[in-house]
Amino acid sequence: MVSTNWLHFHVNLYYKLEIETVSKILLCVSTAANTALSSTAPPTVRIIHSGNACNVEEERHTERVYTIREGETLELTCLVTGHPRPQIRWTKTAGSVSDRFQDSSVFNETLHIQKIQRTQGGRYYCKAENGLGSPAIKSIRVDVYYLDDPVVTVHQSIGEAKEQFYYERTVFLRCVANSNPPVRYSWHRGREVLTQGSDKGVEIYEPFFTQGETKILKLKNLRPQDYANYSCIASVRNVCGIPDRSVVFKLTNKTASPSIKLLVEDPIVVNPGQTVSLVCINTGGEPPPILTWVSANDSLPQRSVVNGGTLTLPSITSDEAGIYSCVASNNVGNPAKKSTTIVVRALNRGRFWITPDPYHNDDNIQIGREVKISCQVEATPPEELTFSWLKNGRALRSSERMVITQTDPDISPGTTNLDIIDLKFTDFGTYTCVAALKGGGIPDFSIDVNISSTTVPPNLTVPRGKSPLVAREGDTVELECLVSGKPKPIILWSRADKEAPMPDGSMQMESLDGVLRIVNVSRDMGGSYRCQTSQYNGFNVKPREAMVELIVQYPPTVEPVFMEMRQGLGRPVVMTCRVLRAHPSRVLRFEWLLSNRLLHAGAFDAQKDETEYTIRSLNKEGWGEYTCNIINEAGAGKCTFQVTGKAYPPEFYYDTYSPLWQNRPRVYGFKLQWTQMNPSAVDRIIAYRLGIRQMGQQRWWETEIPVNATPNKGELMTHNLTELIKPESYEIRLTPITRFGEGDSAIRIITYTPINPHLREFHCSFEEEAICMFIQDKNDDFDWTQHSAATRDTKYTPNTGPSADRTGSKQGFYMYIETSRPRKEGDQARLISPFFNVAPKNPYGITNPPAYCFSFFYHMYGKHIGTLNAFLKQKGLTASEAPVWSLSGNQGDRWRQAKVSIHPTSSFQVILEGIRGPGIEGDIAIDDVTLEEGGCRDPPPSESLPNAPSFHFDTCFQPLLLTSVPRRSPHPSIYGCCGSPWR
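Each chain has its residues counted from 1, following the order in which its sequence is written. Only residues with pLDDT of at least 70 are given local features in this predicted model, and only at 80 or more are side-chain atom pairs given and counted; all residues enter the totals for whole chains, interfaces and linings. Excluding hydrogens and water, the side-chain values take into account all heavy atoms of the structure.

As annotated in an unreviewed UniProt entry, the chain carries the name MAM domain containing glycosylphosphatidylinositol anchor 2 and is attributed to Oryzias sinensis. UniProt positions are given in the numbering used here, feature names are shortened, and annotations may be inferred rather than shown by experiment. Entered under Subcellular location (unreviewed entry) in the UniProt record, the comment concerning the chain runs "Cell membrane".

In structure tokens, the structure reads:
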């Protein structure tokens with residue numbers, strides 16, 4: 001398919017200069033020919049770096065290393081190619097990046113981490129995939145550099161340790177600093193630098209097991225001059241601009257390790273609500289030790305107050321009980337530590353149980369037999385717990401028939417028993433167990449137990465009609481077990497048919513009235529439930545239990561819940577709704593509807609799990625929302641199908657070479673390219689609606705772009721935008737249109753940048769008027785000229801210049817210098833490239849500047865040929881005085897290739913300079929300028945010519961015969977206004 005359509009429309013855009021100007025946007029659309037060119041491509045990926053890197057080691061053997069100082073900003077950008085546009089995800093070794101960073105940055109091209117920390121170092125991976133081939137993955141290792149303040153600790157030989165450092169004692173000063181990279185230490189005594197061998201009384205070494213992480217200064221047999229100020233200086237050699245750090249320790253004859261004393265008892269027993277003060281004092285140590293308080297939970301209570309060595313806990317609670325430690329440290333010897341325990345008095349949960357005569361196989365209480373009443377209370381501290389018994393409110397003492405005992409605390413702590421021997425009618429009554437603490441201040445805790453003729457063991461039953469219990473999903477249900485007996489025990493509920501938690505998440509739930517209430521019951525809560533008696537607050541007999549069956553009904557679960565079906569007019573549509581599960585599984589009926597209008601209904605076939613509805617030939621009335629309801633006793637499951645003729649969105653092509661094709665002082669042009677997703681899925685696309693708006697403004701400008709024939713899958717279409725205002729960015733919205741109406745839109749942002757940052761190379765063949773944004777130097781003597789051999793007048797200077805472009809095409813364009821009059825010998829013409837912003841942004845400088853291969857084809861034919869030079873100009877610097885490539889003299893009537901490796905350290909431009917020779921037969925031409933990442937490889941061989949050339953640096957030659965297969969097609973429909981032809 002070949003189609004060329006022209007469309008002009010005017011819009012008002014506001015250019016923010018001194019006045020508002022109105023610019024015209026010219027749009028030219030051309031759909032690509034159906035050639036062998038494939039626009040789809042699997043993903044490729046590379047990682048570039050910016051932010052505050054202090055060094056980047058480029059790829060050598062296995063990995064790239066990005067070094068950054070802690071606290072700086074990390075910025076890694078994942079540049080991808082591939083069509084459709086690949087999806088990007090950042091991950092980190094041993095987990096997803098989203099485990100540590102904002103989710104918004106994980107799926108973007110740029111990973112941005114502000115104030116990076118040392119724990120965030122590691123290997124970062126960028127993964128790109130678009131469904132074609134294998135995902136593309138690249139990685140870079142981030143190394144975070146830091147240096148903490150050093151710490152000096154002082155130790156003495158263990159066998160010679162004393163309270164103070166006397167003469168003839170050996171002392172070790174150890175210096176430690178956390179760092180990356182490994183730290184280097186140096187020691188100073190006063191102003192004297194200490195090195196190994198500089199003083200016989202001093203030895204400096206690194207313990208083998210520390211691998212350079214520490215530095216030890218050994219002072220052998222202390223001398224008077226050894227009592228001085230010692231400085232340890234830690235350095236990472238100013239890497240990443242990290243300054244050295246130091247610490248000073250003063251060693252005297254009074255230097256000693258710390259000792260402390262606690263002015264409190266251990267343990268400290270207090271009542272709730274009291275204020276507790278723990279006092280810790282220094283009893284020794286030089287320098288004076290620093291006192292800190294810690295608890296067994298690592299953190300002190302939130303309401304605690306620390307003042308020097310005093311810790312105050314106001315209005316203490318049971319939760320704040322525990323072990324508290326005072327720690328004294330002065331970096332001499334080991335820290336001193338003393339601890340105390342705070343015990344907060346409390347009486348907690350109490351319970352009882354009745355045990356019938358164990359010597360008879362009978363769970364009932366009978367006259368003449370033994371009965372034991374047990375009472376248990378949780379107390380703190382347990383040794384202060386005391387019990388007393390009352391009968392009908394009067395004190396009860398232990399006797400031969402009423403035996404009061406306290407169980408061994410190691411077997412059953414906090415338990416007392418009352419044994420009634422030979423039960424009589426007069427023993428019936430209310431028995432009260434009273435628990436108290438010896439220290440007082442805590443209210444007593446009492447439990448009443450009634451012993452009478454009505455005291456009988458429990459029995460459990462399920463009310464009639466309560467099992468099985470049928471409920472619908474979402475209802476509130478009550479499972480019930482009736483409990484009889486006196487006293488009534490606590491009822492325990494649990495799942496009987498499987499190891500599954502109860503609705504509250506626990507494995508067992510308690511109920512005082514025997515009812516288990518479940519709110520918003522779900523299908524997974526169906527099954528068997530067990531209710532059973534607890535031995536507490538009841539009889540200590542074999543538990544009674546009963547079973548309740550819960551049946552949860554729910555409507556059919558179906559698929560698909562929602563499906564969009566895109567189809568063209570006149571085509572069949574088949575919709576299928578499938579049942580996955582339902583309870584009851586017997587499905588009653590189904591019904592198909594279109595916008596609430598019944599289409600078909602009937603009984604569901606029990607032999608199948610699905611129902612279908614078919615549209616044999618779709619018409620306009622057939623577009624809309626179809627619903628299939630599959631219904632059982634519990635409700636309906638619904639499948640929804642949106643049948644539409646809406647076209648799929650276009651997919652923008654981001655890998656266009658040199659998309660900026662117009663470069664005038666105030667405006668630029670952009671080559672917009674895209675393919676159509678699934679173009680044959682719906683009716684033929686008859687047009688595209690193009691919307692454009694300047695970023696930051698609200699108003700959209702729209703126009704329609706006609707399409708003469710249906711685009712093929714993967715076919716690349718082009719639309720040129722002109723008169724875009726520099727340096728504004730624009731939002732582009734592209735919407736396909738069919739007989740149905742508008743389809744899904746695609747949106748992208750276009751930005752004014754010299755080259756496409758997603759490409760690995762820059763290529764210019766000078767085919768367009770904008771000449772790839774090359775500009776003429778305003779300070780030279782004359783200009784380069786864009787021309788093709790088909791239009792150039794060769795009558796004036798017949799024996800110079802090319803007869804075709806470098807591919808042999810007479811329609812192809814190239815750049816040349818015209819040396820006819822009024823030009824004179826030595827005149828210079830300079831052509832300057834756009835800026836290439838491909839060098840990393842390194843505020844600390846680059847130790848390994850990246851390499852690029854700069855190549856171009858040149859034609860230097862004529863007896864008066866002068867010189868062709870290539871210069872490198874870096875941003876912020878003047879152009880180098882010496883060219884990176886130079887060649888002079890006649891090279892014959894053929895195109896040759898030059899290659900040179902360059903190593904810029906910042907954004908840069910290349911300058912091509914032509915110098916006129918002594919006469920008019922000295923035209924010099926250039927074509928196909930390329931800039932690629934990496935140094936030049938496989939340079940073309942040079943050959944000797946009659947006029948030996950003079951050249952500098954990496955000069956390479958490659959003869960190219962004019963009989964080569966043409967690279968460009970002269971077909972006029974391909975050239976049009978839409979830029980360079982297809983390759």
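Looking at the chain as a whole, its pLDDT mean stands at 82, while 84% of the residues score no less than 70. By definition, pLDDT measures how confident the predictor is in each residue, and it falls between 0 and 100. Contact between two residues is taken to exist if any of their heavy atoms lie within 4.5 Å; hydrogens are not considered. Every residue in residues 1–37 scores below 50 in pLDDT, and together they form 99 contacts with partners more than four places removed in sequence or on other chains.

Here the focus is the sheet that holds strand β26 (residues 310–313). A strand pair is defined by DSSP finding two or more bridges across the two strands. Labels follow the DSSP assignment, with helices taken as runs of H or I lasting at least four residues and strands as runs of E lasting at least two, numbered in each case from the N terminus. Taken in spatial order, the four strands line up as β21-β23-β26-β25 in an open sheet, and their pairing is antiparallel. This sheet does not close on itself; its edge strands, each paired only once, are β21 (256–262) and β25 (305–307). On average, each strand axis in the sheet is tilted by 20° relative to the strand beside it, whichever way the strands run. Orientation is described by axes fitted as lines to C-alpha atoms, over the contacting stretch for helices, and by angles from 0 to 180 degrees between their N-to-C directions.

Another aspect to go through is the state of the cysteines. By disulfide we mean two sulfur atoms from cysteines, separated by a distance within 2.5 Å. In this structure the tally under the stated criterion is seven disulfides. The disulfide partner of C481 is C531, and the S-S distance across this bridge is 1.9 Å. Residues C481 and C531 are joined by a disulfide whose S-S torsion is about -85°; by sign, that bridge is left-handed. Of this pair, C481 sits in the loop between β39 (477–480) and β40 (482–486) while C531 sits in strand β44 (residues 527–533), placing them 50 residues apart in sequence. The exposure classification of C481 matches that of C531, with both residues buried. Note on C628: no disulfide assigned, nearest cysteine sulfur contributed by C577 at a separation of 3.8 Å. We call a residue buried when its accessible area falls under 20% of the maximum for its residue type, exposed when it is over 50%, and partly exposed in between, using a 1.4 Å probe and counting protein chains only.

What follows deals with the pattern of salt bridges. We count a salt bridge whenever a side-chain nitrogen from Lys or Arg sits within 4 Å of a carboxyl oxygen from Asp or Glu. Counted according to the given criterion, the structure contains 35 salt bridges. A salt bridge links D777 to R830; the shortest N-O distance between them is 2.8 Å. Taken together, the residues span a long stretch of sequence, with D777 in the loop between β64 (775–776) and β65 (785–788) and R830 in strand β67 (residues 828–832) at a distance of 53 residues. Each member of the pair, D777 together with R830, is buried.

Quick look at unusual backbone geometry now. With an omega dihedral of -5°, the bond running from E559 to P560 counts as a cis peptide bond. If you trace the backbone, P560 turns up in the loop between β46 (545–559) and β47 (562–566). The omega torsion of the bond from R821 to P822 falls at 20°, within 30 degrees of zero and hence cis. At C240, a residue that is not glycine, the phi angle is positive and equals roughly 60°. Inspection of the secondary structure puts C240 in the loop between β19 (229–235) and β20 (245–250). A relative accessible area of 6% places C240 in the buried class. Phi at D422 is positive, roughly 55°, even though this residue is not glycine. The class of D422 is partly exposed, set by a relative accessible area of 32%.

Counting residues in each nonpolar core, the largest one holds 35 residues, and the members touching the most others are F766, F774, F854, F856, L868 and I926. Top contributing element to this core by residue count: strand β68 (residues 852–860), with five residues. Every residue in contact with F774, bar those within four places of it in the chain, is listed here: F762, C764, F766, L831, I832, S833, P834 and V929. Only buried Ala, Val, Leu, Ile, Met, Phe, Trp, Tyr and Cys residues count toward a nonpolar core, and they belong to the same one when joined by side-chain atoms within 4.5 Å. Among the nonpolar cores identified, the runner-up in size contains 28 residues, and L194, V202, I204 and C240 belong to it.

What follows concerns the packing of aromatic side chains. Classification of ring pairs uses Phe, Tyr and Trp, with its six-membered ring standing for Trp, and accepts pairs whose centres are within 6.5 Å; under 30 degrees between planes counts as stacked, over 60 as edge-to-face, and the remaining range as tilted. Throughout the structure, instances matching the rule amount to 16 aromatic pairs. An angle of 45° between the planes, with centres 5.8 Å apart, marks the rings of Y852 and F908 as tilted. Here Y852 is found in strand β68, whereas its partner F908 is found in strand β72 (residues 908–915), with 56 residues between them in sequence. Considered together, Y852 and F908 belong to a single accessibility category, that of buried residues.

Okay, the side chain of E921 next. Residue placement: E921 occurs in the loop between β72 and β73 (924–933). Note on charges: Lys and Arg go in the positive column, Asp and Glu in the negative column, and His and the chain ends are not counted at all. Lacking a salt bridge, the buried E921 has K863 as its closest oppositely charged neighbour, with an N-O distance of 4.5 Å.

We now examine the environment of K438. Here K438 is to be found in the loop between β35 (429–437) and β36 (445–451). Accessibility expressed as a relative area gives 61% for K438, which makes it exposed. Sequence spacing of K438 and P381 is 57 residues, and the spatial spacing of their C-alpha atoms is 9.8 Å. With residues up to four places along the chain from it excluded, the contact list for K438 reads E383, E384 and T386.

To continue, consider the sheet that holds strand β29 (residues 346–356). Each strand in a sheet pairs with its neighbour through backbone hydrogen bonds, running either in the same direction (parallel) or in the opposite one (antiparallel). Taken in spatial order, the five strands make up an open sheet running β33-β34-β30-β29-β45, and their pairing is mixed. Since the sheet does not close on itself, it has two edges, and those belong to β33 (402–406) and β45 (538–539), each with one partner. The pairing of β29 with β45 spans two bridges and is classified as parallel. Considered in β45, the bridge of W353 is made with G538.

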